[in-house]
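# Observations on the three-dimensional arrangement
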Amino acid sequence: MAAPYSLDQRIARSVIRRLANARLRAGSVVFDAVVERRPRISGEYGDRTEVGTRITVLREDIASLPRGTTIIYDGTPEELGELASVTYTIDERDEDDSFVAAYWVNKA
């Protein structure tokens, strides 16, 4: 019997599941995500850097998040404890491959 996923898919799934620090909700879809603050290049010519919030999700959990989508904090996995409730809005897609997608978000 063939494995249901490639090695890359299994690694992506395993990393996101283990590192997920938030459970988010977009409409009726609930999914795990890695939420992190990191430097973001900005400006018309990429000449500025600001600190932004980026979420990374598995494409199998949620296929795409268009710009302007409202994301609501729905809790964290139990072992990670509680975070303050927050609502985000998708600003732009950062990285994307067949298995994982990352988006820059703004607090709403």
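Residues numbered from 1 in each chain as written. Predicted model: local features only at pLDDT ≥ 70, side-chain atom pairs only at ≥ 80, totals over all residues. Heavy atoms only, no water.

## Points about the overall build of the protein chain
Tallying secondary structure elements over the protein chain gives 1 helix and 6 strands in all. Listed by position from the N terminus, the elements making up the protein chain come as α-β-β-β-β-β-β. The contacts of the protein chain with a sequence gap of at least 6 include a subset with a gap of at least 24, amounting to 50%. Here the protein chain has roughly 6,900 Å² of accessible surface; of this, 49% comes from carbon and sulfur atoms. (Helix = DSSP H or I, 4+ residues; strand = E, 2+ residues; numbered from the N terminus. Contact = heavy atoms within 4.5 Å. Areas by Shrake-Rupley, 256 points an atom, 1.4 Å probe, with all protein chains shown as cover.)

## Notes on the pairing of strand E5 (residues 87–96)
Sheet topology note: the E5/strand E6 (residues 100–107) ladder contains 7 bridges and is antiparallel. Of the residues in E6, the one forming a bridge with Tyr88 is Lys107. Connecting E5 to the antiparallel partner E6 that follows it, the hairpin turn spans 3 residues. (Pairing = 2+ DSSP bridges.)

## Some thoughts on the nonpolar core
Within the largest apolar cluster, 18 residues are counted, with the highest numbers of intra-cluster contacts made by Leu24, Phe31, Ile55, Val57, Leu65 and Ile71. Contact partners of Leu65, with chain neighbours within four places excluded, come to Ala26, Phe31, Ile55, Ile71, Ile90, Arg93 and Tyr103. In this structure, Ala12, Val34, Leu58 and Val100 belong to the second largest nonpolar core, which totals 5 residues. (Core = buried A, V, L, I, M, F, W, Y, C linked by side-chain atoms within 4.5 Å. Buried < 20%, exposed > 50% of the residue type's maximum accessible area, 1.4 Å probe, protein only.)

Just distances and angles here, no functional claims.
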